[in-house]
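The lines below spell out each chain.
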Amino acid sequence: MSVTIDDELWSAVGDPVRRRMLDLLLTGGGTATTLSEQLPVTRQAVSKHLGVLGRVGLVHVTPSGRERLYEVDEAQLARAVAQLSSVGATWDARLRRIKQIAEAIQRSQEG
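The name given to the chain in an unreviewed UniProt entry is DNA-binding transcriptional ArsR family regulator, with Streptomyces umbrinus as the source organism.

We now examine the packing of aromatic side chains. In the structure shown here, the tally under the stated rule is zero aromatic pairs. In this structure, Arg 94 is placed above the aromatic ring of Trp 91, and the distance from its NZ or CZ to the ring centre is 4.6 Å.

Before going further, it helps to examine a nonpolar patch on the surface. On the surface, a nonpolar cluster with roughly 390 Å² of combined accessible area is contributed by Val 87, Trp 91, Leu 95 and Ile 98. Turning to its location among the elements, Val 87 is positioned in helix α5 (residues 74–110). With relative accessibility at 34%, the residue Val 87 sits in the partly exposed group.

This part takes up the pattern of salt bridges. Applying the stated criterion to the full structure yields two salt bridges. Linking Arg 43 and Glu 67 is a salt bridge whose minimum nitrogen-to-oxygen distance equals 3.9 Å. Placement of the pair is Arg 43 in helix α4 (residues 43–55) and Glu 67 in strand β2 (residues 67–72), with a sequence separation of 24 residues. Taking relative accessible area as the criterion, Arg 43 reaches 36% and is therefore assigned partly exposed.

Met 21, Leu 35 and Leu 50 are the most contacted members of the largest nonpolar core, which totals 21 residues. It is helix α2 (residues 16–25) that contributes the most residues to this core, five residues altogether.

On to the environment of Leu 26. Topologically, Leu 26 is positioned in the loop between α2 and α3 (32–36). Judged by relative accessible area, which is 46%, Leu 26 ranks as partly exposed. Sequence separation of Leu 26 and His 49 is 23 residues, and the distance between their C-alpha atoms is 16 Å.

The next subject is the layout of surface pockets. A volume near 150 Å³ is recorded for the largest pocket. Every residue along the wall of the largest pocket is listed here: Trp 10, Val 13, Arg 19, Leu 22, Asp 23, Leu 26, Leu 77, Ala 80, Val 81 and Leu 84. Counting only elements with at least two residues in the lining of the largest pocket, the list comes to α1 (7–13), α2 and α5. Take the lining of the largest pocket: its biggest share by element is four residues, from α5. In terms of residue class, the lining of the largest pocket is built from eight nonpolar, no polar and two charged.

Moving on: the packing of α2 against α4. The contact between α2 and α4 brings their axes to 10 Å, and the two run at 80°. The pairing of α2 with α4 is recorded here as roughly perpendicular in orientation. On α4, the residues touching Val 17, Arg 18, Met 21, Leu 22 and Leu 25 of α2 are Val 46, His 49, Leu 50, Val 52 and Leu 53. The residue makeup of the contact of α2 with α4, split by class, is eight nonpolar, one polar and one charged.

The rules behind each value
- Residues numbered from 1 in each chain as written.
- Predicted model: local features only at pLDDT ≥ 70, side-chain atom pairs only at ≥ 80, totals over all residues.
- Heavy atoms only, no water.
- Phe/Tyr/Trp six-rings, centres within 6.5 Å; stacked < 30°, edge-to-face > 60°.
- Lys NZ or Arg CZ within 6 Å of the ring centre and 35° of its normal.
- Patch = residues over 30% accessible without salt bridge, like charges linked within 9 Å, V, L, I, M, F, W, Y side chains within 5 Å.
- Areas by Shrake-Rupley, 256 points an atom, 1.4 Å probe, with all protein chains shown as cover.
- Salt bridge = Lys/Arg side-chain N within 4 Å of Asp/Glu carboxyl O.
- Helix = DSSP H or I, 4+ residues; strand = E, 2+ residues; numbered from the N terminus.
- Buried < 20%, exposed > 50% of the residue type's maximum accessible area, 1.4 Å probe, protein only.
- Core = buried A, V, L, I, M, F, W, Y, C linked by side-chain atoms within 4.5 Å.
- 1 Å grid on protein atoms, 1.4 Å probe; cavity = no way out; pocket = protein on both sides within 12 Å on 5 of 7 lines; lining within 4 Å.
- Points joined across faces, edges and corners; volume = space filled by probe spheres on them.
- Nonpolar A, V, L, I, M, F, W, Y, C, P; charged D, E, K, R; others polar.
- Axes fitted to C-alpha atoms, helices over the stretch in contact; angles between N-to-C directions.
- Parallel < 35°, antiparallel > 145°, perpendicular 65-115°, else oblique.
- Contact = heavy atoms within 4.5 Å.

See the structure below:
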């Protein structure tokens, strides 16, 4: 199964603050204010991080009075997980091949 890797998506989740934000949002959504209360960054920084996550489709926003409620887009998160699994499988295959080559070299040197 071939999965196209979305570099922008992985750049967005490469930041530890954004990963923590996703963790917090998975528990039921939140606003920039509620997220900033749980993170070591300002509300303005949270808003910028939410903008990055929104541009790659990992969060969507719903107006809620004066605030904006952010929630994780589960379909996009599933796509990200599929990409990660694909990358992991590719590297597992590469590592198995390297191991086979190393074992063949070792056998040839012993014999």
